[in-house]
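One-letter residues, chain by chain:
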Amino acid sequence: PYHLITEREKMDDTTINSTTVHSMCQISSLNSRTNNQFSSFQLLAFPVFGSATSCSRGCPFLVWFKGPIWLWLWPRPIYTVSLYVPTCPGRPRAARGSSSLVAMASSLRHCVLLASLLCAVSVAFTSVSGGGSGLGPITTNGRNYTKVCDPARFAAMGLEMGGFRYCDASLPYAERVRDLVGRLTLEEKVRNLGDRAEGAARVGLPPYLWWGEALHGVSDTGPGGTRFGDVVPGATSFPLVINSAAAFNETLWGAIGGAVSTEIRAMYNLGHAELTYWSPNINVVRDPRWGRASETPGEDPFVVGRYSVNFVRAMQDIDGAGPGPGADPFARPIKVSSCCKHYAAYDVDAWLTADRLTFDARVEERDMIETFERPFEMCVRDGDASCVMCSYNRINGVPACANARLLSETVRGEWQLHGYIVSDCDSVRVMVRDAKWLGYNGVEATAAAMKAGLDLDCGMYWEGAQDFFTAFGLDAVRQGKLRESEVDNALRNLYLTLMRLGFFDGIPELESLGADDVCTEEHKELAADAARQGMVLIKNDHGRLPLDTNKVHSLSLVGLLQHINATDVMLGDYRGKPCRVVTPYDAIRKVVSATSAHVCDDGACGAAADVKTVDATIVIAGLNMSVEKEGNDREDLLLPWNQTNWINAVAEASPYPIILVIISAGGVDVSFAQNNPKIGAILWAGYPGEEGGTAIADVLFGKYNPGGRLPLTWYKNEYISKIPMTSMALRPVADKGYPGRTYKFYGGPEVLYPFGHGLSYSNLSYASDTTGASVTARVAAWESCKQLTRKLGTAPLACPAVNVAGHGCQEEVSFSLTVANRGSRDGTHVVLVYTVPPAEVDDAPLKQLVAFRRVFVPAGAAVQVPFTLNVCKAFAIVEETAYTVVPSGVSTVLVGDEALSFSFPVKIELAV
């Protein structure tokens, strides 16, 4: 029997509240962790001697875990929640408000059981207080640690840490890893090639769970490396990546990455996370039907690449840490390992009879360089990512995870990856089971993948399947299909990464992070701001938005329950447990208390009568993860579940034009709404994360002036009949009638909303003093001119183009743009800068984004926005021969779009 002291209970004129209980050495219930064998239990505690009110922080308590019955003497308190005080058997339970905590503790000391326990374990105080923090994910003999090379941890294993050179922090990482790998037997090596690495207790190496996800916040997707519990019940759930991309704000992308990595390190210190996270997803959205559009930064490879650079840098970089110029990049400490996935040409999940496990992407070399590889090259070269994940699909017949040209030659050789390469989970088994590639068995597929440059194989733990490297690696070596030195090389890449993460030594400046650094108010506000910045106003006839709270006193909120009360839908995929969720209904009702919700179903919506009597009607409609998600591509671009019909019915019944809010990742053909004057405004909200309701309300009621831009082209539904999803070509294919893909190459009928579309509550204008520019690029003696595919009838040139790879690339074009806000509201504006190749060049992009910047423009003011474009980066194109070249002739710099634009010619001369 026990008595629970609540946070506020009067006992002998002493108020027991959360503060005083903490000072009285209150003991908390410990986090349930599978690797510690804690199942369900109750925690009982009381002071062994003295009084509870007088004990110091070192005062021992008797702790009784009721469930599996364990008795411990615990000499210091842990984080607190509630205190259970046992009463002696045979004695009446103390009545609340009548006996003091001291009196109860005093009566307990008369119990014979307690006296005998004291005699038996009085020596235990020092033994349980030494070594190990009680926290951290590394479990050894019942204690938890945050680093491998802890002398107490080695002592607990009966080992002397000084005998292991890999724990000598004075040595270079490479030398330490060489020592570690050299100590392992072949069997031990193979058991550490999978995502659930087993470690090697014989040499002090603990197990490690490599798989972590942090797409838009800390996620518990995976085999348990990241987990939530009573110590860390949740983490900040930011908007989906497609939303953040719509903000076109590199500073924001970095801030999100920094917040996510801080929460990961805090959770790691508390034993709730590992240090390797397989995010971001940087596949280009080639086709609007792809189910994973929500996870990516959109259809433009430059935007996708810049997102990856900023996110990865913020995840990995530690201020002031790392070697200087010319030093070993493998020695640079990193905060959290970030992984760019899925490499490469992966954007078919399940469409008709095609699926990602058997799909063979037939890709031209030009498209590979220009579109599919470019974000990954930027991620590795500029972001210094410590990991790349290869994809399930084959590319021109060869599985991505067994393609030496892609992995060893390109990622590690040309781009200089400072880290490891991991398979998308089960990709090696997929080669055998699904693709049936070359008739290989498990041993042959394992050898082929590792020889190609794959370091780590992730298995499908949920199917009970072991990864192929662990299952077949030993036989691959013994049968002579794989060298042990190739296994050694993979392990070196893996453990060098863990060395840089502080897994072996710790990183002092990160060790103070804890529960108070997760779900902070700052992070929740950042999530709200990210959602606000990513909102895109795509229609606003006659200034229907923002709604005026002085005029709107009653409001009808109409839609499917999953969208109105979007506790689940707004979070999207690869989410963890959020800190909280602010739904659209919650947020809107805070603004207009007289808000009535009308829930529609798949067939009809009975809101027509109500909308006639309110001042405004907001309809929230769209998609969810059953329509667009990993493993599920879309069948069409329409609103499902009869939403179009009842939206039109509600609009018809309303005396005022209604407002339509769309929740989706990919584009939706809402031509019916665009063309209906009774639908006055359309706001795309994406999947805006845990604070999404707040962001939606802030935009609708004018607290925030929208400035987001669509990172995807929104096609009309007819598009899907024009081209199969499995055609990988980006450019139009005339003989098949394929219209091309993305804003760079699409040449078909008018789209619904173009890439970069987005309206504002402000009246903006552009101006610039630049009317043109000319650049002379001197072709050195060791360089050679490259030919161009030119349109018929154009005059030949002495030097049509120069190869970027061999050129010095010092030439630049600079200009400044004035952005004026002639409206009455402050706002942010995204400036998009494109280049257009010379008109004589055939089969070139229609235009290509080369720079962007989000700027704040106060009402009635103007700001100067300077740009400097490197000629090789901004004006280069990928020729038919797959060379990246700068063409001679007159290119164009185009700022903005047809609604708000500015342009000037740039003449590029190549002097031989």
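Residues numbered from 1 in each chain as written. Predicted model: local features only at pLDDT ≥ 70, side-chain atom pairs only at ≥ 80, totals over all residues. Heavy atoms only, no water.

An unreviewed UniProt entry annotates the chain as Fibronectin type III-like domain-containing protein originating from Aegilops tauschii subsp. strangulata.

With that out of the way, let us pick up the nonpolar core. In terms of nonpolar packing, the biggest core is built from 225 residues, with Trp278, Phe504 and Val670 touching the most fellow members. Tallying contributions element by element places helix α9 (residues 250-269) first for this core, with nine residues. When residues of this core are assigned to domains, at least three map to each of domain 1 (522-753) and domain 2 (764-910). Core analysis: the next-biggest nonpolar cluster, separate from the first, contains 37 residues, Leu817, Val850, Val857 and Val906 among them. (Core = buried A, V, L, I, M, F, W, Y, C linked by side-chain atoms within 4.5 Å. Buried < 20%, exposed > 50% of the residue type's maximum accessible area, 1.4 Å probe, protein only. Helix = DSSP H or I, 4+ residues; strand = E, 2+ residues; numbered from the N terminus. Domains from an automatic or database assignment.)

On to the environment of Val650. The residue Val650 is located in helix α22 (residues 643-653) in this model. Overall, the relative accessible area of 1% leaves Val650 in the buried class. Sequence separation of Val650 and Ala609 is 41 residues, and the distance between their C-alpha atoms is 8.9 Å. Excluding residues that lie within four positions of it along the chain, Val650 makes contacts with Val558, Cys605, Ala607, Val611, Thr617, Val619 and Ile658. (Contact = heavy atoms within 4.5 Å.)

Tracing the backbone through its elements, the reader meets Thr371 in helix α11 (residues 365-372). Here Thr371 is in contact with Val284, Pro301 and Leu730, once residues within four sequence places are set aside.

Another point: the sheet that holds strand β37 (residues 889-896). Strand order in the open sheet formed by five strands is β28-β38-β37-β32-β33, with mixed pairing between adjacent strands. A strand with exactly one partner marks an edge of an open sheet, and here the two such strands are β28 (773-778) and β33 (848-857). Strand after strand, the sheet turns through a mean of 20° between neighbouring axes, direction not considered. In this structure, β28 lies alongside strand β38 (residues 901-911), joined through six bridges in parallel fashion. Across the sheet, the residue bridging to Ser774 is Lys907, located in β38. (Pairing = 2+ DSSP bridges. Axes fitted to C-alpha atoms, helices over the stretch in contact; angles between N-to-C directions.)

Further remarks concern the packing of aromatic side chains. Inspection of every chain in the model, using the stated rule, returns 29 aromatic pairs. Through pairs of rings, three or more aromatic residues link up here, namely Phe154, Phe164, Tyr166, Tyr208, Trp210, Tyr420, Tyr495, Phe503 and Phe504. The ring of Tyr574 is capped by Lys341, whose NZ or CZ atom sits 5.0 Å from the centre of that ring. Over the face of the ring belonging to Tyr883 we find Lys786, whose NZ or CZ atom lies 3.8 Å from the ring centre. (Phe/Tyr/Trp six-rings, centres within 6.5 Å; stacked < 30°, edge-to-face > 60°. Lys NZ or Arg CZ within 6 Å of the ring centre and 35° of its normal.)

Turning our attention to the side chain of Asp457. Relative to the elements of secondary structure, Asp457 occurs in the loop between α15 (442-452) and α16 (468-478). For the buried Asp457, no salt bridge is present, and the opposite-charge side chain at shortest range is Arg429, 8.3 Å distant. Polar contacts involving the side chain of Asp457 include one to the main-chain amide nitrogen of Phe468, which spans 2.7 Å. Apart from the residues lying within four places of it in its own chain, the contact partners of Asp457 are Leu193, Gly194, Asp195, Ser423, Val428, Asp467, Phe468 and Phe469. (Lys, Arg positive; Asp, Glu negative; His and termini not counted. Salt bridge = Lys/Arg side-chain N within 4 Å of Asp/Glu carboxyl O. Polar contact = N/O pair within 3.5 Å; in protein donor to acceptor, adjacent residues only side chain to side chain.)

Pairing is parallel across the open sheet formed by four strands, whose spatial order is β12-β13-β17-β20. Whereas interior strands pair on both sides, the edge strands pair on one side only; in this sheet they are β12 (276-277) and β20 (420-423). Relative to strand β17 (residues 387-390), strand β13 (residues 337-343) runs parallel, the two being bridged by three bridges. Across the sheet, residue Tyr343 finds its bridge partner in β17, namely Cys390. In the packing of helix α12 (residues 374-381) onto the sheet, contacts are made with β13 and β17, and the angle to β13 comes to roughly 160°.

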